[in-house]
Amino acid sequence: MGRHSHHSEFHTSAPRRDLIEDPRYTPEKIQQRAKYPVLTAKDTAKSKEMPREVKMLVRDFIDDSLYHPSYGYFSKQAVIFSPETDFEFNKIKDHMEFLSIIADKYKEIEDDMDVRDEVARQVWHTPTELFKPWYGYAIAKYIVTEYKLNNYPHKDLIIYEMGAGNGTLMLNILDYIQQYEPSVYERTRYRIIEISKMLAQRQGERQEVRDARRRHSCVEIINKSIFEWDTVVPDHCFFVGMEVLDNFSHDLIRYDSVTEEPLQGMVAIDEEGDYTEIYTPVSDPLIQKYLSIRRQTGYRPPVLSKRFLRRLRNSLPFAPNMTGPEFIPTKLLLLLESLKNHFPKHRLVLSDFFMLPEAIKGTDAPVVQTRYSGTMVPVSTYMVMPGMFDIFFPTNFELLKDMYQQVCRPSLGMEKSVKVQTQKDFLERYGDLEKTRTQSGENPMLMYYENNKMFLS
Ligand SMILES: C[S@@+](CC[C@H](N)C(=O)[O-])C[C@H]1O[C@@H](n2cnc3c(N)ncnc32)[C@H](O)[C@@H]1O
C-alpha cells in the first residue's frame, strides 16, 4: 500500500499565499511544496522515520507525532505513575500540604527511574489517580444510580472504558459496586478499550490489577484504538472516557478573509525536514463533514466575528488574506459516529479539559509541551519534532453537546438527554466529600481540575 488517493483532488486547487508573517513562505516555495504527495498517519506508520518531501493534513501530522508506532510520543516507554497508597485526606492539613506530598512523590519516582522526558503528565495528573478511590467511586455512584433508574433488574450493567491508563478507574468502580451494590455487581461486565500496548499489558500485569481481576472476573481488556473498533454492541451500556479526548488529533482551518471560504491546513515536510503550513480549499471529506454538521448547530467560529473590522482591515495594503487559525476536533466526530454505529444504546460519560492555559495561538488550540530538566516547557507551534512533545487540546463541551445531538440523538428532543456540567458540580453531587476533606476543611478533589467538565448522556 502506498499513498492515499482520496486527497487527489487536492492537487487541482492552487495553494493560497500563506501568512505574510513568515518570510520563508514565498509563493514559489509554497507552490513547490504544494506538489508534494499526500500521506496520512496510517502511511507514515509503516516506515521507521518521518518521510521527506511529503505533506499531511494537520490531524495526520499530529496523529503521527503522538501515535507513530516507533517515534510517537505515546509509543515510547510508558511509565505508569500512580500513588502507591491512597491519600488519607483527613490526615492532611490542607491543600498546600497535599500539593507538597504530591510533589515529593513525583520527585521520588523521577529519581527512581530515569524518566525525565517521560509521558509523566499522562497518568499522574489525572483526577482518577490523585483522588483514588474517591473519584472512581463518584463515577460508579452516578452509573449505578442511572442504571437502577432505567435498566435494573432487566438488563446487565455493561461498562466500556476507552483509554483506561493504569486501570485505576476500573478497579475503583468495580470495588464500589461490589461493596455497596452486591446485587448489581453480579450482573456487571467491564471492558477496557486501550490503544497502548504497554498500558494494556500493564493493566493486566500490575499486581494490584491482577488481584483485582481475580476478584473481578468480569473485566476484559481489549488492546485496540477506539478508532479501529468495528463490532456492534447492541446492549445498553455506559461508555466512559476520562481525559482521553484531549489527545484526539484535530484539523486546522482558516477562512479566506473576504469570502469566508474555509481552507484546510496541511503540513509540508521539505527535503531538509523543515515544516511549512499550506492552505487550500477544503477537500478532505472528514473536514467537510465536520463543517457541515457544525453549520447545522448554528455555531459561528469566533475568527469570523467582527466582520466589520475584517472588512476594514482587508481594504488596507498587505492585509492578511486569511483569518486566524481554528483547530477542529475531526477525530472526535469519528468517535461520535462510532458511538452511533457501534454502541447504539450507549450512555456517555466523559471528563476532560474545557480550557487550557499556555495553549498555542488559535481557537481551541492545543498545548504543546515537552519535559525539560524536570519541568514541562510549552512551545508555540505544533510543528515540532514528532514524538518529542505532548500535544493536547481543550474540548468545547457546549459545541460537543450540539454535535452529539446531531450525530447520535437526531430524533430526540434537544437538551433533555444530554448534560454538560463542571467536574466540581458533578463531584459535589456524587462524590464522598467527607473522605476527601482535609483538616482545614479544604477539599482538593473539588478545588483541582477546575478546568474540567463532564459530559453525560
Ligand atoms: C491521559 S490518559 C488517561 C488515563 C485514565 N483514563 C485516567 O484518567 O487516569 C489517556 C489514555 O487514553 C489512551 N488512548 C489515547 N487514545 C486512544 C484511542 N484512540 N483509543 C483507545 N485509547 C486511547 C492512552 O493510551 C491513555 O491510556
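Just above sits the structure.
All values reported here derive from a predicted model rather than from experimental measurement. (Residues numbered from 1 in each chain as written. Predicted model: local features only at pLDDT ≥ 70, side-chain atom pairs only at ≥ 80, totals over all residues.)

Enquirer: Help me understand the overall build of the protein, please; the structure alone is not making it clear to me.
Expert: What the protein contains, in helices and strands, is 17 helices and 15 strands. Within the protein, the fraction of its 457 residues that count as buried is 39%. By sequence separation, contacts in the protein at least 24 residues apart represent 73% of the contacts at least 6 residues apart. (Helix = DSSP H or I, 4+ residues; strand = E, 2+ residues; numbered from the N terminus. Buried ≥ 20, exposed ≤ 12 C-beta atoms within 10 Å, placed from the backbone. Contact = placed C-beta atoms within 7 Å.)

Enquirer: What's the story with the sheet that holds strand β13 (residues 390-392) in this structure? I'm lost.
Expert: Sheets are built from strands paired through backbone hydrogen bonds, the pairs being either parallel or antiparallel. The sheet built from three strands is open, its strands ordered β12-β11-β13 with antiparallel pairing. Since the sheet does not close on itself, it has two edges, and those belong to β12 (375-379) and β13, each with one partner. Sheet twist, expressed as the mean angle between neighbouring strand axes with direction ignored, is 35°. (Pairing = 2+ DSSP bridges. Axes fitted to C-alpha atoms, helices over the stretch in contact; angles between N-to-C directions.)

Enquirer: Looking at this model, I keep getting lost on the site of the ligand. Mind explaining?
Expert: Around the ligand, a shell composed of 23 residues is seen, among which T126, G163, G165, I195 and S196 lie nearest. Only α5 (120-124), α6 (127-130) and β3 (188-194) provide two or more residues apiece to the shell around the ligand. Residues that form the shell around the ligand fall into these classes: 12 nonpolar, eight polar and three charged. (Near = placed C-beta within 6 Å. Nonpolar A, V, L, I, M, F, W, Y, C, P; charged D, E, K, R; others polar.)

Enquirer: Is there a simple way to think about the sheet that holds strand β2 (residues 157-162) in this case?
Expert: In spatial order, the strands read β4-β3-β2-β5-β10-β15-β14; together these seven strands make up an open sheet with mixed pairing. One side of each edge strand has no neighbouring strand; the edge strands of this open sheet are β4 (219-223) and β14 (419-422). The sheet shows a mean angle of 15° between the axes of neighbouring strands, taken without regard to direction. In this sheet, strand β5 (residues 237-242) lies alongside β2 in parallel orientation, the contact comprising three bridges. The partner of E161 across the bridge, within β5, is V240.

Enquirer: Just to check I follow, could you spell out unusual backbone geometry for this structure?
Expert: The phi torsion of most residues other than glycine is negative, and most of the peptide bonds are trans. Between K132 and P133 the backbone carries a cis peptide bond, its omega angle lying at 0°. With respect to the helices and strands, P133 occurs in the loop between α6 and α7 (134-150). With omega at 5°, the peptide bond leading from Y152 into P153 counts as cis. Checked against the element boundaries, P153 lands in the loop between α7 and β2. Notably, E243 is not glycine yet its phi reads approximately 60°, a positive angle. Within the chain, E260 stands out as a residue other than glycine whose phi angle is a positive 65°. A count of 13 C-beta atoms within 10 Å places E260 in the partly exposed class.

Enquirer: Honestly, the packing of α7 against helix α8 (residues 168-180) in this entry has me stumped. Any pointers?
Expert: In helix packing, the relevant descriptors are the interaxial angle and the interaxial distance, both defined with respect to the helix axes. With their axes 8 Å apart at the nearest point, α7 and α8 run at an angle of 55° to one another. Considering their axes alone, α7 and α8 lie oblique with respect to each other. Handedness of the α7/α8 crossing: right-handed. Every residue of α8 that contacts α7 at G136, Y137, I139, A140 and V144 is listed here: T168, L169, N172, I173, Y176 and I177. Grouping the amino acids of the contact of α7 with α8 by side-chain chemistry returns eight nonpolar, three polar and no charged. (Parallel < 35°, antiparallel > 145°, perpendicular 65-115°, else oblique. Left-handed = near helix turned anticlockwise from the far one by under 90°.)

Interpretation note: all reported values are geometric properties and have no functional meaning in isolation.
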